[in-house]
Amino acid sequence: SYSFCTLLVPDMATNLNLDVAKTPKLKLESVVGFGGNVAGGMHIHPDGQHLIYTLGSCIVQREIGNPRANEFLQGHSDKVNCVAVSRSGQYIASGQTTHMGFQADICVFEYATQKLIFRMTLHKVKVQALAFSHDEAYLASLGGQDDNTLVVWDLSTGRPLCGGPASSDLSMCICFFNNVNTKLVTGGQGVLRVWDVDVVNRKIHPTDVSLGTMKRVCRTIVIEPTDNYAYVGTSTGDLMCIQLGSPCSFKFTGPAKHLVQGIMCCTLVDSGDVLVGSGGGEVALLSAKDLKVMKSIRLQGAVTSVAAHGDHYFIGTSKSNVYYLNAKTFKEELRQTCHFERINDVAYPYGYSELFATCSNHDIRIWNARTSQELLRIQVANLECNAVAFTKDGKAIVSGWSDGKIRAFGPQSGKLLYVIHDAHKIQGMKRVSGNLTGVTALCVDNNNQRLLSGGADSQVRVWKIGPASQTMEASMKEHKATVNSICIRGTDMECVSASDDGSCIVWDLNRFMRRGIMYAQTYFKATQYFPDESQILTTGSDKKVTYWDAFECSAIRELEGSKVGEINTLDISPDGRYFVTGGADKILKLWDYDAGSVVQVWYPASAPPTGRSRALGQHPKSEVQS
């Protein structure tokens, strides 16, 4: 006789039903980052104990001397473009950049509570600059090139008091007088103006400063305590002294030898002299009497921020470095550093959680996971590192570069151990997908004898690694586009590769042939084996996370991983209980593997220059590092 039963099988596809605001947040331990490209983006709080600086779409509040940043002022939806701190430190204001045709927000935070108290929306596309009045009654803002208006806001209500066109051309900087809350100065391309605010009639009246025959682009303004003079930094590299009393006129300029690439920021020190930073990386202390250079030093990257508190100077550069300068010795000390361009990959050593490696444009950096301090920097000029991995024995850092070469370095010394030339082609390809070229994916085997690499040339290659030689064992050529990820099984007998061509291929590493293939209408960005290797997890541009049977290569389950953008990366915890994803929605999601649901989130993940989470590293103790 025969019998049968009916099984109720749930729908393979599961939609994402996530309320980010109500989902528990991951506990943030530390963030390594500094938005060095924002002019005037770093300030010392008046309490003298905290640094305030921009980082992507948020403001960081960090105690001086503590490299671990974990306090954030959040409220912006896009990159923060300017920041200002009130005289007493009670308020912090920041302005953002947004998309063409949209309005850009100004957020005002209360320092003590770290709460957003006002959201001011009036400027189009970009908020160029901000300034508080000395009594913290008003906030002045300048719009960017698409707006170019000056607005004065009443901080008792958060409403605009008055405003109007700042000039016929772009205005770039603004500063209130120190003793009067109804007078301020703006500067920009070929224009410098002193404004009077008529509070009763709610109007502003400009007075142009007479510069004679001089033509300057004003980038930064600082006013001395008596309000008699203002010092204006220009793109030509000189500092102008301007008389603010009637008549408003140009007095003199200096130094005689202009600073390279112009003055980008300036501030007054306790002695009354002017500390300036240039686009050429020079920091100079200029005499207030004749603007001659008294002291100077050159740093790495364009100097975008200078902040002074007594004898302590903090300098921020476009290379995302923060330096400390002692006023007496004028010698630099690197206090904080990070990558200044997109981070392409993150890796932990096998079974060790005290440090991790990251790679970006020009360099690989090794970090202490507990202190967030940089331990080692490996630089290769004019090249981008696309992938990084530790060998299982921890004796080498293997990296893939945009010139098509694989380079291995010593993890302690950073010494070059070997180079595999022409590991992948960079020329002569019919189709190139994605942003990366050369070697785009790396994976090492468990016996430290083989290295697997994928490239923008769509090939997966197997290399035999020895102490004296590195030879290619096989080149597997079934992919049709960039290979984004490779993962090897614990037995070293098989591996899986994910590509932009919409396929994931399982390779037999004995015969160097395809054993199975998985197709989907997506650009596959990442793939991982489940710890028991019975399943494979993939993700990509279709915003889906898919479970696959590792033997039959058939889809088992499909989760909606994001509502608004592609998922760029994933990793699975060593015990298989959780996996983590990150992508264009800027939300880090921790998932329960069996339930297929989000259990914790964190956002925003320090919006990088591309606005995307590029890589994740899985902490061996199930702690997520991004």
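Rules used in this analysis
Per chain, residues are indexed from 1 in the order of the written sequence. Only residues with pLDDT of 70 or above have their local features reported here, since the model is predicted, and side-chain atom pairs are shown and tallied only from 80 upward, although totals for entire chains, interfaces and linings are computed over all residues. Hydrogens and waters are ignored; side-chain quantities use all the structure's heavy atoms. Under the scheme used here, helices are H or I runs from DSSP no shorter than 4 residues and strands are E runs no shorter than 2 residues, and both carry numbers assigned from the N terminus. Atoms counted for the radius of gyration: C-alpha only. Globule rule: 2.2 Å times the number of residues to the power 0.38. Buried residues are those whose accessible area, probed at 1.4 Å on protein chains only, stays under 20% of the maximum for their type, while exposed residues exceed 50% and partly exposed ones sit between those limits. Contacts between residues were defined by any pair of non-hydrogen atoms, one from each residue, lying within 4.5 Å. Surface exposure here means Shrake-Rupley accessible area, sampled with a 1.4 Å probe, where a residue is shielded only by the protein chains that are shown. Positive: Lys, Arg. Negative: Asp, Glu. His and the chain ends are not part of the count. Note that the charge is assigned to NZ on lysines, CZ on arginines, CG on aspartates and CD on glutamates. Strand pairing follows a simple DSSP-based rule, namely that at least 2 bridges must link the two strands. Lines are fitted to the C-alpha atoms to define the axes, a helix being fitted only along its stretch in contact, and any angle between axes, read from their N-to-C directions, falls within 0 to 180 degrees. By the criterion applied in these results, polar contacts are pairs of N or O atoms within 3.5 Å in which, for protein atoms, one can donate a hydrogen and the other can accept it, and in which residues neighboring in sequence qualify only through two side-chain atoms. Only buried Ala, Val, Leu, Ile, Met, Phe, Trp, Tyr and Cys residues count toward a nonpolar core, and they belong to the same one when joined by side-chain atoms within 4.5 Å. When a carboxyl oxygen of Asp or Glu lies within 4 Å of a side-chain nitrogen of Lys or Arg, that pair is called a salt bridge.

A. Representation of the overall build of the chain within the structure. Within the chain, the regular secondary structure consists of zero helices and 54 strands. Its C-alpha atoms give the chain a radius of gyration of 28 Å, within 12% of the compact-globule value 25 Å for 626 residues. The principal-axis extents of the C-alpha atoms in the chain amount to approximately 105 × 60 × 45 Å. Classification of the 626 residues of the chain by burial places 56% in the buried group. In the chain, the share of contacts with a sequence separation of at least 24, taken over all contacts with a separation of at least 6, comes to 44%. Of the roughly 27,000 Å² of accessible surface on the chain, 48% is carried by carbon and sulfur atoms. Averaged over its 61 positive side-chain charges, the chain has a centre that lies 4 Å from the centre of its 60 negative ones.

B. Region of the structure containing the side chain of Ser360. Looking at the element boundaries, Ser360 is found in the loop between strand E31 (355-359) and strand E32 (361-368). Sequence-distant contacts of Ser360, that is, excluding residues within four places in its chain, are made with His339, Glu341, Arg342, Ile343, Asn344, Glu384 and Cys385.

C. Quick peek at the sheet that holds strand E35 (residues 406-409). Taken in spatial order, the seven strands line up as E30-E31-E32-E33-E34-E35-E36 in an open sheet, and their pairing is antiparallel. Looking at which strands have only one partner, the edges of the open sheet turn out to be strand E30 (345-347) and strand E36 (416-420). Strand-to-strand twist in this sheet, taken as the mean axis angle between neighbours without regard to direction, amounts to 15 degrees. Here four bridges tie E35 to E36, and the two strands are oriented antiparallel to one another. Paired with Phe409 across the strands is Leu416, a residue of E36.

D. Region of the structure containing the side chain of Asn148. Note on placement: Asn148 falls in the loop between strand E11 (138-143) and strand E12 (149-154). Within the local environment of Asn148, its side chain forms a polar contact with the backbone nitrogen of Ser171, the two atoms lying 3.2 Å apart. Setting aside chain neighbours within four positions, we find Asn148 in contact with Gly143, Pro165, Ala166, Ser167, Ser168, Asp169, Leu170 and Ser171.

E. Spotlight on the nonpolar core. Counting residues in each nonpolar core, the largest one holds 26 residues, and the members touching the most others are Met42, Leu51, Tyr53, Phe72 and Phe314. Those elements that provide at least two residues to this core are strand E2 (42-44), strand E3 (50-55), strand E4 (58-63), strand E28 (321-326) and strand E51 (588-592). Considering every element that reaches this core, the biggest residue donor is E3, with three residues. Ranked by size, the runner-up nonpolar core spans 18 residues in total, among them Cys173, Cys175, Cys218 and Cys248.

F. Region of the structure containing the pattern of salt bridges. Across all of its chains, the model carries 21 salt bridges by this definition. A salt bridge links Arg335 to Glu333; its shortest N-O distance comes to 3.0 Å. A relative accessible area of 34% places Arg335 in the partly exposed class. A salt bridge links Arg515 to Glu494; the nearest nitrogen and oxygen atoms lie 2.7 Å apart. Of this pair, Arg515 sits in strand E44 (residues 513-519) while Glu494 sits in strand E42 (residues 494-499); the two residues are 21 residues apart in sequence, bridging distant segments of the chain. Its relative accessible area of 26% is what places Arg515 among the partly exposed residues. Here Glu494 falls in the buried class, since its relative accessible area comes to 11%. When salt bridges with common partners are traced through the structure, they connect Asp363, Arg365, Glu374 and Arg377 into a single cluster.

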